[in-house]
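Summary of structural features
Chain by chain, the residues run as shown.
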Amino acid sequence: MIIANCLFLASSLQAQNHVPLKYTNHTEFGGLFGRVKYGFPGNQGQNQVDNRLNLTLQTFNGVMLSNRLAAGVTVGVDWYKTALLNPVAAGIRFDLTKKGDVRLFATADAGYAFAWFHDDSDGFGTTGGLMINPGVGLRMGKPGGTAVTFTMSYKRQEAHITKVPLWNQVERWEDRVYNRLALRLGISF
């Protein structure tokens, strides 16, 4: 559905700008940096704060709507400490600078993450949630050709975890929001 909408939008823009549709790909890997505050077991009211570094991999596949704007679909894998999530999102890439071998670009992805490859322990259940990922980056390479990219973005990812009830509990669950600074190295063509 998202791809059909992008192609419809692209065909209407193509008629106005006379730019032939061209496939584009932007594949990246990197780290998700953040801090986590959580309740410390055994100490009521005491919270513990830890730094976290998680691995991320994503690929954007789309069409060039103009010389500077691309729209498409982003899919990826994010390895958090207790969750393996697979975001699927609608995405755009826009070159903020027009010329040169080093260009500044903006990126934005919004969608939903699934727990397709996550394997829960007995009695636990992990589901994904909404995801947004806006950012900026540098594209180093000839315009219209292959380029190396460095991207810095904010990633907000939701997840829901159902847990085994303790003692006299009827149900136990946790809603998580992962707020991370994403630093990625990639290639685009």
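Residue positions are counted from 1 within each chain, in the order its sequence is given. Confidence filtering applies because this is a predicted model: local features only for residues at pLDDT of at least 70, side-chain atom pairs given and counted only at 80 or more, and all residues used for totals across whole chains, interfaces and linings. Here the side-chain values reflect all heavy atoms present in the structure, with hydrogen atoms and water set aside.

1. Structural notes on the environment of Gly30
- Mapping Gly30 onto the fold places it in strand β1 (residues 23–39).
- A sequence separation of 28 residues divides Gly30 from Gln58, and the C-alpha atoms of the two residues are 9.2 Å apart.
- Contacts are residue-level and defined by heavy atoms, with any inter-residue pair within 4.5 Å sufficient. Ignoring anything within four residues of it in the chain, the contact list for Gly30 reads Asn54, Leu55, Thr56, Leu183 and Arg184. Elements are defined by DSSP. Helices are runs of H or I of four residues or more, strands are runs of E of two residues or more, and each kind is numbered from the N terminus.

2. Looking at the pattern of salt bridges
- Put simply, a salt bridge is a Lys or Arg side-chain nitrogen that is within 4 Å of an Asp or Glu carboxyl oxygen. On inspection of all chains with the given rule, the structure shows seven salt bridges.
- Across the pair Lys155 and Asp78 runs a salt bridge whose closest N-O atoms are separated by 2.6 Å. Of this pair, Lys155 sits in strand β8 (residues 147–163) while Asp78 is found in strand β3 (residues 69–79), placing the two residues 77 residues apart along the sequence.
- When accessible area is computed with a 1.4 Å probe and restricted to protein chains, residues below 20% of their type maximum are described as buried, those above 50% as exposed, and intermediate ones as partly exposed. A relative accessible area of 0% places Asp78 in the buried class.
- Linking Lys142 and Asp101 is a salt bridge whose minimum nitrogen-to-oxygen distance equals 3.6 Å. In this pair, Lys142 is assigned in the loop between β7 (130–140) and β8 and Asp101 in the loop between β4 (84–95) and β5 (102–114), connecting sequence segments 41 residues apart.

3. A few points about the packing of aromatic side chains
- Two rings belonging to Phe, Tyr or Trp (six-membered ring only in the last case) form a pair when the distance between their centres is within 6.5 Å. Interplanar angles under 30 degrees mark stacking, angles over 60 mark edge-to-face geometry, and anything in between is tilted. On inspection of all chains with the given rule, the structure shows four aromatic pairs.
- For the ring pair Phe114 and Trp116, a centre distance of 4.6 Å and an interplane angle of 0° mean the geometry is stacked.
- By relative accessible area, which is 30% here, Phe114 ends up partly exposed.
- Under the relative-accessibility criterion, Trp116 is labelled exposed at 53%.
- In textbook terms, an aromatic cluster arises when at least three aromatic residues are bridged by ring pairs, as seen for Tyr112, Phe114 and Trp116.
- Put simply, a charge is over a ring when the Lys NZ or the Arg CZ is close to the ring centre, within 6 Å, and near the line of the ring normal, within 35 degrees. The lysine or arginine in question, Arg93, covers the ring of Phe60, its NZ or CZ lying 4.3 Å from the ring centre.

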